[in-house]
Amino acid sequence: MKDAAGKLSLHGVLVEVFGVGVLLIGEPGIGKSETALDLIRSGHTLVADDAVNVSEIGDYLVGSAPELTFELLEVRGLGILNVRELFGTSSVTKQTQIELCFELVKFQPSDEIDRMELQMSDLKLLGLSVPKATIAIGGRNSSTLAETAVRIFLQRKTGVNNVKKLVENHNILVSSSL
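Residues numbered from 1 in each chain as written. Predicted model: local features only at pLDDT ≥ 70, side-chain atom pairs only at ≥ 80, totals over all residues. Heavy atoms only, no water.

A.B. asks: Explain the overall build of the chain to me, and be specific about the residues and the numbers.
C.D. replies: A tally of regular secondary structure across the chain gives four helices and ten strands. Reading the chain from its N terminus to its C terminus gives the helix and strand order β-β-β-α-β-β-β-β-α-β-β-β-α-α. Expressed as a percentage of its 178 residues, the buried residues of the chain come to 40%. On the chain, roughly 10400 Å² of surface is accessible, and the fraction owed to carbon and sulfur atoms is 53%. (Helix = DSSP H or I, 4+ residues; strand = E, 2+ residues; numbered from the N terminus. Buried < 20%, exposed > 50% of the residue type's maximum accessible area, 1.4 Å probe, protein only. Areas by Shrake-Rupley, 256 points an atom, 1.4 Å probe, with all protein chains shown as cover.)

Have a look at this one:
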C-alpha cells in the first residue's frame, strides 16, 4: 500500500548481499525467510522480514523494517528468531538502498529457463525501477543462487558480460578455422 508521502509497505524480505540491497518477493511459503537465514549465516545482513517499508529518497528507494519487527526473522518450524542475538550485531542493519529484486518462484522441470544468462526485467516501486530477476527454486539452493545472481549483477555494472565474451570468442574460433 502506498501513501501520499512517497512510501509504501510490501510483503517480502530485504537483505544486504555484498553491500547490495536485495528485495526478495514471492508467494507466501516459497522460502524467502529461509533464503534470508542462509544468507545471514553466510555473513550477509538482514534489513526486514515479512513487511518491508519502502521510501523514495531522491532517485533511490530505501527499505527498512517496521520498528516492531526490526532484527526479527520468522522461519516456519523454528519460530521468530532475533537475528542480532543469534548471529551478532553485524547481521542486521536498519535500512538499505534497494538496488535489486529477486522473485522466488517454484521450479517446474517443464519451465523454460534461459540457460545462457540471468534475465532481468524491471519492478516499479513508487514510480522508480528496480532490476528484477526471477529465481526458480525447489530442490535448489536458493541462497547460493541469490548470492551468485548478486555477483552477476555487480559484474554487469562494471561492463562484464560473459555471454557476450563467449559469443565473441566462438566467432573468433570459427572464423580462424575457415
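Still more to cover.
A.B. asks: An account of helix H1 (residues 32-41) is needed here, citing residue identities and associated values.
C.D. replies: Of all ten residues in H1, eight are buried; the element is thus mostly enclosed. Considered for burial, the residues of H1 that qualify are Lys-32, Ser-33, Thr-35, Ala-36, Leu-37, Asp-38, Leu-39 and Ile-40. Two residues or fewer after H1 comes Gly-43, characterised by a positive phi angle close to 105°.

A.B. asks: Please give an account of the nonpolar core that cites residues and values.
C.D. replies: Ranked by size, the top nonpolar core spans 28 residues in total, and within it Val-15, Val-22, Leu-46, Leu-73 and Phe-102 carry the most contacts. If you look at the next biggest cluster of nonpolar residues, it comprises 18 residues, including Ile-25, Val-47, Val-54 and Val-130. (Core = buried A, V, L, I, M, F, W, Y, C linked by side-chain atoms within 4.5 Å.)

A.B. asks: For the pairing of strand S9 (residues 121-125), give the residues involved together with the corresponding values.
C.D. replies: Across five bridges, the pairing between S9 and strand S10 (residues 128-137) is antiparallel. Counterpart to Lys-124 in the pairing with S10 is Ser-129. Linkage of S9 to S10, two consecutive antiparallel strands, is achieved through a turn of two residues, within which Leu-126 is found at a positive phi near 55°. (Pairing = 2+ DSSP bridges.)

A.B. asks: Help me get a handle on unusual backbone geometry, residues and values and all.
C.D. replies: A positive phi angle, close to 80°, is found at Asp-50, a residue other than glycine. When you line up the elements, Asp-50 lands in strand S4 (residues 45-57). The partly exposed category is assigned to Asp-50, whose relative accessible area is 45%. At Glu-71, a position not held by glycine, the phi torsion is positive, near 80°. With respect to the element layout, Glu-71 can be found in the loop between strand S5 (60-64) and strand S6 (72-75). A residue is classified by how much of its surface remains accessible, and Glu-71, at 13% relative accessible area, is buried.

A.B. asks: Kindly report on the environment of Arg-76, identifying the contributing residues and their values.
C.D. replies: When you line up the elements, Arg-76 lands in the loop between S6 and strand S7 (79-82). Arg-76 sits in the exposed class, given a relative accessible area of 57%. A sequence separation of 47 residues divides Arg-76 from Gly-29, and the C-alpha atoms of the two residues are 8.4 Å apart. Discounting residues that sit within four places of it in the chain, Arg-76 has contacts with Pro-28, Gly-29 and Glu-34. (Contact = heavy atoms within 4.5 Å.)

A.B. asks: Can you break down the side chain of Thr-45 residue by residue, with the values?
C.D. replies: Mapped onto the elements, Thr-45 comes out in strand S4. The exposure class of Thr-45 is buried, given its relative accessible area of 11%.

A.B. asks: Please set out helix H3 (residues 142-157) residue by residue, giving values where relevant.
C.D. replies: Between its terminal C-alpha atoms H3 stretches 22 Å, which fits the 22 Å expected from 16 residues at 1.5 Å a residue. Restricting attention to buried positions, one finds in H3 the residues Ser-142, Ser-143, Ala-146, Glu-147, Ala-149, Val-150 and Phe-153. The arc that holds every buried residue of H3, seen down its axis, measures 160°, which confines them to one face. Those residues of H3 hidden inside the fold are in contact with strand S2 (7-17), strand S3 (20-26), H1, strand S8 (95-106) and S10. Positive phi shows up at Gly-159, right after H3, with a value of about 95°. (Expected span 1.5 Å × (residues − 1). Arc of directions from axis to C-beta.)

Keep in mind these values describe shape, not function.
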